[in-house]
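Per-entry structural report
In case you want the letters, here they are:
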Amino acid sequence: MSSMSDMRTVFASAASSLVDEDPLVAVVLAEISADLFAKAAARHPDRVLNVGIREQLMVSVAGGLALAGLRPIVHTYAPFLVERAFEQVKLDLGHQEARAVLVSIGASYDAARAGRTHQAPEDVALLDTVPGFAVQVPGHPDEVPGLLRGAVGVLSSGSTYLRLSTESNRSALPLWPGLQVVRAGRQAVVVAVGPMLSPVLDAVSDLDVTVAYATTVRPFDGEGLAALVPASGAVVLAEPYLAGTSAYLASAALTGRSAFRLLSLGVGRAELRRYGTPSYHAALHGLDAAGIRRSVTDFLARRTESYLGV
Amino acid sequence: MRSYAELAGLMTVMTGDEKHGPSATSTLDVLWVLYDRVLRVGPDRLDDPGRDRFLLSKGHGPVAYYAVLAAKGFIPESWLTGFGSAGSPLGYHPDRNLIPGVEIASGSLGHGLPVGVGLAHGLLARGLVTPRVFVLVGDAELDEGSNNEAIVYAGAVGLPNLMVVAVDNQSSSYGWGPGGIEAHFAVSGWSATRVSGRDHGGLASALGAPGDRPRLVVAAVEGKS
């Protein structure tokens, strides 16, 4: 795969290949990205389905396909996939034990110019309430095909949410199911999820901290985290979605320690009512390199400022 | 195997009531005709890919459903006694993961038909052209907008293996206007008909005929009040 392509394009190509290779793989769309699947739909009209602008139906159809023994991949914009059709995700997939791979685009503030209607930084937190979903957050387009194949490959044991973004790290890392140490340090461990890795590395370049990279956030690698926590007990989570989404799992993983401190960086809850670019929104949420650096240095100096209420 | 006449007794085991009002039995005749004369299903072929799929979308009031499942040998009659109690697989809404022969867990309205559309697609994609998907909905359940997404789409793509039975006890607050429920399906390309929900021969004949497009059978029964 060329790193010149964005995650969505790479995903459509990889999913189309899977439909070619495996007679049980199906794709369900609700207009979004239908152009990228036109060739696959022409080859496999019975397994590449565009239901129109009907997100509830899209998810329910995936549930029905799974009940018929197929392996559905469901794809649209994050707020329409996870929020608009949430009861369908909860019941027609989760409660039925019908498995699917949900693939979103438009992560957090990717659609900064489009406004709140096209943003769902709450997606992982919300999906986290449905038992049995793995969550994969690639940080680079080249990581997408492997994660997609892996997700389709484990459909017999569970569903996956694959969260694509236009934000990307400078380079891809080899796929690894748990935390992957990128650099080692002594004062804290900083967990960088998906596309947070490059800004985190820039932010802490001269700080004595460990940086661990995660694409798989559910299941959460609590054991890996516990093993990386330094004597200071300082832990930073840098997540590209709602701040604190994984805090309860980090806390649970560290309950055996006599003491730890946790800083949760991520997207704030306040309604910003601002347009502009994704990088402008990253700065507003303190998720650009400068903001992360400010938060981490304050945290290490024990000035525990919260960014939960940006 | 039990007869139709014995269903009332099985229902009494669950409810404790000797008599069952129209709202408890609105689906009883449709369910009996489906399981007795139409569906190619059985307790001996629960995982047969070629079986018909019956989705009780209207999961409310499942007493008649459980009675029919017991009468047809899908579940032991001894299960009926504990209906709704801790440890019983039979809840006030059915769960496919707990009850043999139950194809979907239902309760929240407006899910069965959209799932049925996916199931119908999936069977055809697997080359299974014989089995049909039957979805039982209530007339008030069709208030849920998710059904409309499925009705328009299924009509447009023309799934011939999809059958909806709408049990109409006139319980939708705003009704369906002139032409009834069937007009709303017909305008989307479904074949649609109305029969008495108490006429076993009429139901069997209406439900038994597959066509070249999705089909709606409105089974009219007495109103709730």
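All residue numbers refer to position in the chain's written sequence, counted from 1. Think of it this way: whatever chain is written first is A, whatever ligand is written first is 1, and the rest follow in order. Local features in a predicted model are, by the rule used here, given only for residues with pLDDT of at least 70; side-chain atom pairs are given and counted only at 80 or more, and totals for whole chains, interfaces and linings are based on all residues.

1. Thoughts on the overall build of chain A
In plain terms, the rule: Strands here are runs of E lasting at least two residues and helices are runs of H or I lasting at least four, both read from the DSSP assignment and numbered beginning at the N terminus. Throughout, radius of gyration means the C-alpha value; the globule benchmark is 2.2 Å times the number of residues raised to the power 0.38. Whether a residue is buried, exposed or partly exposed follows from its count of other C-beta atoms within 10 Å of its own C-beta, namely 20 or more, 12 or fewer, or something in between, respectively; the C-beta atoms are built from the backbone. Contact between two residues is assigned whenever their backbone-derived C-beta positions fall within 7 Å.
Along its length, chain A carries twelve helices and twelve strands. Computed over the C-alpha atoms, the radius of gyration of chain A is 19 Å, within 12% of the 19 Å expected from 2.2 N^0.38 for a compact globule of 310 residues. When its C-alpha atoms are laid out on the principal axes, chain A stretches across 60 × 40 × 35 Å. The buried share of chain A, reckoned over its 310 residues, is 54%. A fraction of 73% describes how many contacts in chain A between residues 6 or more apart in sequence connect residues 24 or more apart.

2. Thoughts on the overall build of chain B
In terms of helices and strands, chain B carries eight helices and five strands. For chain B, the sequential pattern of α-helices and β-strands runs α-α-α-β-α-α-β-α-β-α-β-α-β. Its C-alpha atoms give chain B a radius of gyration of 16 Å, near enough to 17 Å, the size a compact globule of 225 residues would have. Counting only C-alpha atoms, chain B reaches 45 × 40 × 30 Å along its principal axes. Buried positions account for 47% of the 225 residues belonging to chain B.

3. Some points on unusual backbone geometry
Generally, phi is negative for residues other than glycine and the peptide bonds are trans, each holding for most cases. For the bond running from A:Arg218 to A:Pro219, omega is 0°, close enough to zero to count as cis. As for its placement among the helices and strands, A:Pro219 is situated in the loop between strand S10 (216-218) and helix H9 (222-228). Phi is positive for A:Ser33, close to 70°, though the residue is something other than glycine. Even without being a glycine, B:Gln170 presents a positive backbone phi close to 55°. Take B:Gln170: it is sitting in the loop between strand S3 (162-168) and helix H7 (180-186).

4. Points about helix H1 (residues 7-15) of chain B
Residues and elements named next belong to chain B. Note the cut-off: An arc is given here, and it is the one of the directions from the helix axis to the C-beta atoms.
Looking at H1, one finds that the buried residues are Leu-7, Met-11 and Met-14. The arc enclosing the buried residues of H1, seen along the axis, measures out at 50°, which places them on a common side. Residues of H1 that are buried sit in contact with helix H3 (28-38) and helix H4 (63-71). Phi turns positive, to about 80°, at Gly-16, one or two residues after H1.

5. Structural notes on the sheet that holds strand S4 (residues 101-105) of chain A
Residue and element names in this part refer to chain A. How we decide: The rule for pairing is simple: two strands pair if DSSP sees at least two bridges between them. Between the N-to-C directions of two axes lies an angle of 0 to 180 degrees, each axis being a line fitted to C-alpha atoms and, for a helix, fitted only over the stretch in contact.
Across the sheet, which stays open at both edges, the seven strands sit in the order S2-S1-S3-S4-S6-S5-S10 with mixed pairing between neighbours. Taken across any chain shown, the strands that pair with only one partner, and hence form the sheet edges, are strand S2 (48-50) and S10. Recorded for the sheet is a direction-independent mean angle of 20° between the axes of neighbouring strands. Examined bridge by bridge, S4 and strand S6 (residues 159-163) share four bridges and lie parallel to one another. When the bridges of S6 are listed, Ser-104 appears paired with Arg-163.

6. Some details on the interface of chain B and chain A
Quick note on the threshold: Residue classes follow a fixed rule: Ala, Val, Leu, Ile, Met, Phe, Trp, Tyr, Cys and Pro count as nonpolar, while Asp, Glu, Lys and Arg count as charged, and any other residue, Gly among them, counts as polar.
The interface of chain B with chain A comprises 22 residues on the first partner and 25 residues on the second. Elements that contribute at least two residues to the side of chain B that touches chain A include exactly helix H5 (112-125) and helix H6 (145-157) of chain B. Broken down by element, the side of chain B that touches chain A gets its largest block of residues, eleven residues, from H5(B). Its residues assigned to classes, the side of chain B that touches chain A comprises eleven nonpolar, eight polar and three charged.

7. Side note on the sheet that holds strand S1 (residues 53-56) of chain B
All names here are of chain B. Spatially, the five strands line up as an open sheet ordered S1-S2-S3-S5-S4, and their pairing is parallel. Of all the strands in the sheet, the pair left with one neighbour each is S1 and strand S4 (191-196). The mean inter-strand angle of the sheet, taken between neighbouring strand axes irrespective of direction, is 20°. Relative to strand S5 (residues 215-220), S3 is paired through six bridges, and the arrangement is parallel. What sits directly across from Val-167, in S5, is Ala-219.

8. Considering the domain arrangement of chain A
Residue and element names in this part refer to chain A. Under the convention used in this document: Where each domain begins and ends follows an automated or database-derived domain assignment.
By domain assignment, chain A separates into domain 1 (7-163) and domain 2 (180-300). Just the C-alpha atoms count here: the centres of domain 1 and domain 2 sit 27 Å apart. Put simply, the parts of the chain that give the side of domain 1 that touches domain 2 at least two residues each are helix H6 (123-127) and strand S5 (133-136). Ranked by residues supplied to the side of domain 1 that touches domain 2, first place goes to S5 with four residues. Of the residues belonging to the side of domain 1 that touches domain 2, the class tally is twelve nonpolar, four polar and seven charged.

9. What about the packing of helix H3 (residues 55-67) of chain A against helix H5 (residues 86-95) of chain A?
All names here are of chain A. Heads up, the condition is: Angle categories: roughly parallel below 35 degrees, roughly antiparallel above 145, roughly perpendicular from 65 to 115, and oblique for all the rest.
At a minimum axis separation of 8 Å, H3 and H5 run at an interaxial angle of 10°. By the angle between their axes, H3 is roughly parallel relative to H5. The segment H3 lies against H5, with Gln-56, Val-59, Ser-60, Ala-62 and Gly-63 engaging Gln-88, Val-89, Asp-92 and Leu-93.

10. As for H4(B)
Residues and elements named next belong to chain B. Within H4, nine of the nine residues are buried, which leaves the element mostly enclosed by the surrounding structure. Turning to H4, its buried residues number three or more, namely Val-63, Ala-64, Tyr-65, Tyr-66, Ala-67, Val-68, Leu-69, Ala-70 and Ala-71. Two residues or fewer after H4 comes Gly-73, characterised by a positive phi angle close to 85°.

11. Some points on the nonpolar core
Cut-off, in case you're wondering: By convention in this section, buried Ala, Val, Leu, Ile, Met, Phe, Trp, Tyr and Cys residues joined through C-beta atoms within 7 Å make up a nonpolar core.
Counting 169 residues, the largest nonpolar core has A:Met58, A:Val190, A:Val191, A:Val236, A:Ala238 and B:Val165 as the members making the most contacts within it. The residues that make up this core include at least three from each of domain 1 (7-163) and domain 2 (180-300) of chain A. In contact with A:Met58, not counting residues within four places along its chain, are A:Val28, A:Leu29, A:Ala30, A:Val51, A:Val74, A:Thr76 and A:Ala85.

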